[in-house]
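# Summary of structural features
Now for the letters of each chain:
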Amino acid sequence: MRLADLQGRPLRDLRISVTDRCNFRCVYCMPQQIFGVDYPFLKREELLTFEEIDRLARIFVGLGVEKIRLTGGEPLMRRDIEILLEMLSCIPGIDLTMTTNGSLLPHKARGLRDAGLKRISVSLDSLDHEIFATMNGLEYPVERVLEGIEAAHAVGLMPIKINMVVKRGVNDGSILSMASRFRNRGHILRFIEYMDVGNTNGWRLDEVVPASAIINIVDDQYPLEAIEPNYYGEVVRRYRYKDGRGEIGVVASVTQPFCADCTRARLSAKGTLYTCLFASSATDLRELLRSGATDDEIAAIVASVWSQRSDRYSEIRSPDTARMPKVEMSYIGG
Ligand code: SAM
Ligand code: SF4
Ligand code: SF4
C-alpha cells in the first residue's frame, strides 16, 4: 500500500535544500535590511554531506518519491554540486531537477548537464535592470542571468522553466515584457504569487498580484487558453498561447491554494524534514543518520511523520497566520 497522509495525499516530491547561502538578497526571500549580507548561515559541518543526501533521497524514493528538486539558498553555491547530481542521477526512475537564480549558470550549465541533470528552473523577476536590481537586493545584473538561461539552453537543459515572483508596485509592470521575451522560445514562464514565507519579508496581502490578474494582463496582449495539468498534484495552472507560441503557468498559492493536492516534502540543508513550506516544527533526520540508524529505521520514521501530516496552511491563511513564526524559504528551499 502506498504511503498517504491524513488527507490521503501521497508522498511524491522531495525538495532538497543543499545550502542556505545565496549570492542574492531577494526582497521577498532574504531581504538585506534584516541581516545585511551576513545572514546567520549554517556552518559547513552542519550541512548534510552528499553521501547523507544520497542516502536520504534513496530512502524517500523507497517511500514513493518520484521527483527530486535541488534548491536552496542558491544550489549552485554548494561546492561540487555536480558530484551530488552524479550520485542522484543514478537513482532509477526519478525525475531530477533544480531551481537556481541562474547567476552561476554561464560557466556551470555544461557540467550540470554532464553530471546527469536533464532540465532546470531559473528564477528571474524582470528584464529591466533597475527593477531586477531592486528585486535581487544586490544590484545583480540581469544580463548575467539571461546568459545563464542561454547557456542552459545551449547544453540542452530543456524545457527551461522561468520563475517570476510578482510583487505589486515593484515588478508587476514587467509581466508583459517577460511574456513577450520568453514566448516562442520553448521556455515556460511561470508567474508566482508573492507568498508569506518566513518572517523577514514583511509580506502584506495587498502586495500580492492575484494570478487571475496576471493572466488577464497577458491574455489581453496574447490570447490564452487553459490547458490540463501534466500530472496529479501539479501546482502550476497551465495556459497556452492560442497562436501556438508556447505556454505559461501561474502558481496561485495565495488566491487559489492547492494544499489538497500537495505531495511535497522538504529537506533542509541540515537534514530537517518539513512537511509544509509554512511549517514551524520539523523532524531532525541528520541526528538519525549520524547516530547509526538503519535505512529501515529512518524510513519508518519518515513514513510515520508523513502518515500523520495534516498541513494545509495556504487554505487557512489569514492576517493572523501570516504573523506566525515560520521557517525561512532560503533554509528549506522553494
Ligand atoms: N535560489 C534559487 C532561486 O532563487 O531560484 C532557489 C531557491 S529559491 C528560495 C526557490 C524559489 O522560491 C524561487 O523561484 C524564488 O523566486 C521563490 N520564492 C522565494 N521567496 C518567495 C516568496 N516570498 N514568494 C513566492 N516565491 C518565493
Ligand atoms: Fe537567493 Fe533564491 Fe532566495 Fe533570491 S529567492 S534570495 S536567489 S534563495
Ligand atoms: Fe503544501 Fe503547505 Fe503549500 Fe499547502 S501550504 S500547498 S500543504 S506546502
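Figured I'd write up the structure that's included with this text. Just so it is clear, the model here is predicted, and its values are computed rather than measured.

## Structural notes on the sheet that holds strand β10 (residues 264-267)
On the basis of which strands lie adjacent, the open sheet formed by twelve strands has the order β7-β8-β9-β6-β5-β4-β3-β2-β1-β10-β11-β12 and mixed pairing. Unpaired on one side and paired on the other, β7 (224-227) and β12 (283-284) mark the two borders of the sheet. Of the strand pairs in this sheet, strand β5 (residues 160-166) and strand β6 (residues 188-193) are connected by six bridges, and their pairing is parallel. Directly across from isoleucine 162, in β6, lies its bridge partner leucine 189.

## Some thoughts on unusual backbone geometry
In this structure, the amide linkage connecting methionine 158 to the following residue, proline 159, adopts the cis form with an omega of -5°. Mapping proline 159 onto the fold places it in the loop between α6 (142-154) and β5. Residue aspartate 80 is not a glycine yet carries a positive backbone phi of 60°. Within the element layout of this structure, aspartate 80 appears in the loop between β2 (67-71) and α3 (81-88). Even without a glycine there, the phi angle at glutamate 139 is positive, about 55°.

## A few points about the site of ligand 1
Near ligand 1 there are 20 residues, and of these Tyr28, Gly73, Ser123, Met195 and Met329 occur at the shortest range. In this structure, a nitrogen atom belonging to ligand 1 sits 2.9 Å away from a main-chain N or O atom of glycine 73. A distance of 2.6 Å separates an oxygen atom of ligand 1 from a polar side-chain atom of serine 123. Here ligand 1 loses 95% of its free accessible area of 540 Å² to cover by the protein chains. Only β3 (95-100), β5 and β6 provide two or more residues apiece to the shell around ligand 1.

## Structural notes on the packing of helix α7 (residues 175-182) against helix α8 (residues 211-221)
Viewed as axis vectors pointing N to C, α7 and α8 meet at an angle of 55°, and their least axial separation amounts to 10 Å. As far as their axial angle goes, α8 and α7 are oblique. Between α7 and α8 the crossing geometry is right-handed. Of α8, the residues touching α7 (which contributes Ile175, Leu176 and Ala179) are Ile214, Ile217, Val218 and Gln221. Class assignment of the residues belonging to the contact of α7 with α8 gives a composition of six nonpolar, one polar and no charged.

## Considering the packing of aromatic side chains
Scanning all chains against the criterion turns up four aromatic pairs. Relative to tyrosine 241, the ring of tyrosine 222 has its centre 5.9 Å away and its plane inclined at 85°; by these criteria the two rings are edge-to-face. Of the two residues, tyrosine 222 sits in the loop between α8 and β7 while tyrosine 241 sits in strand β8 (residues 237-241), which places them 19 residues apart along the sequence. Across the pair, exposure class does not vary: tyrosine 222 and tyrosine 241 are buried alike. Chaining the aromatic ring pairs together yields one cluster made of Phe24, Phe132 and Tyr140. Taking the ring centre of tyrosine 222 as reference, the NZ or CZ of arginine 183 above it sits at 4.0 Å. The cationic tip of arginine 183 hangs over the ring face of tyrosine 241; the distance from NZ or CZ to the ring centre is 4.7 Å.

## Considerations on the site of ligand 2
Residues in close proximity to ligand 2 include Cys22, Phe24, Cys26, Tyr28, Cys29, Met30, Gly73 and Asn101, which together make up its full environment. Looking at the shell around ligand 2, its residues break down into six nonpolar, two polar and no charged.

## Here's the deal with α7
Of all the positions in α7, only Ile175, Met178, Ala179 and Phe182 are classed as buried. Projection of α7 onto a plane perpendicular to its axis shows the buried side chains occupying an angular sector of 100°, all on one side. Tucked into the core, α7 has its buried residues touching α6, β5, β6, α8 and β8. Following α7 by one or two positions, asparagine 184 has its phi on the positive side, about 70°.

## Some points on the pairing of β2
Within β2, five of the five residues are buried, which leaves it mostly tucked inside the rest of the structure. Side chains Lys67, Arg69 and Thr71 of β2 all project onto a buried face; the interleaved residues Ile68 and Leu70 project onto the opposite face, where all are buried too. Alignment of strand β1 (residues 13-17) against β2, held across five bridges, turns out to be parallel. Its bridge partner being in β2, leucine 14 is matched across the sheet by isoleucine 68. Taken together, the four bridges between β2 and β3 define a ladder with parallel strand orientation. When the sheet's bridge partners are listed, isoleucine 68 is paired in β3 with leucine 96. Considered for its hand, the β-α-β crossover made up of β2, α3 and β3 is right-handed.

So, how was this worked out
Residues numbered from 1 in each chain as written. Chains lettered and ligands numbered in written order. Predicted model: local features only at pLDDT ≥ 70, side-chain atom pairs only at ≥ 80, totals over all residues. Heavy atoms only, no water. Pairing = 2+ DSSP bridges. Helix = DSSP H or I, 4+ residues; strand = E, 2+ residues; numbered from the N terminus. Near = heavy atom within 4 Å. Polar contact = N/O pair within 3.5 Å; in protein donor to acceptor, adjacent residues only side chain to side chain. Areas by Shrake-Rupley, 256 points an atom, 1.4 Å probe, with all protein chains shown as cover. Axes fitted to C-alpha atoms, helices over the stretch in contact; angles between N-to-C directions. Parallel < 35°, antiparallel > 145°, perpendicular 65-115°, else oblique. Left-handed = near helix turned anticlockwise from the far one by under 90°. Contact = heavy atoms within 4.5 Å. Nonpolar A, V, L, I, M, F, W, Y, C, P; charged D, E, K, R; others polar. Phe/Tyr/Trp six-rings, centres within 6.5 Å; stacked < 30°, edge-to-face > 60°. Buried < 20%, exposed > 50% of the residue type's maximum accessible area, 1.4 Å probe, protein only. Lys NZ or Arg CZ within 6 Å of the ring centre and 35° of its normal. Arc of directions from axis to C-beta. Right-handed = clockwise from strand over helix to strand, strands pointing away.

Remember that the coordinates give geometry; whether it matters functionally is a separate question.
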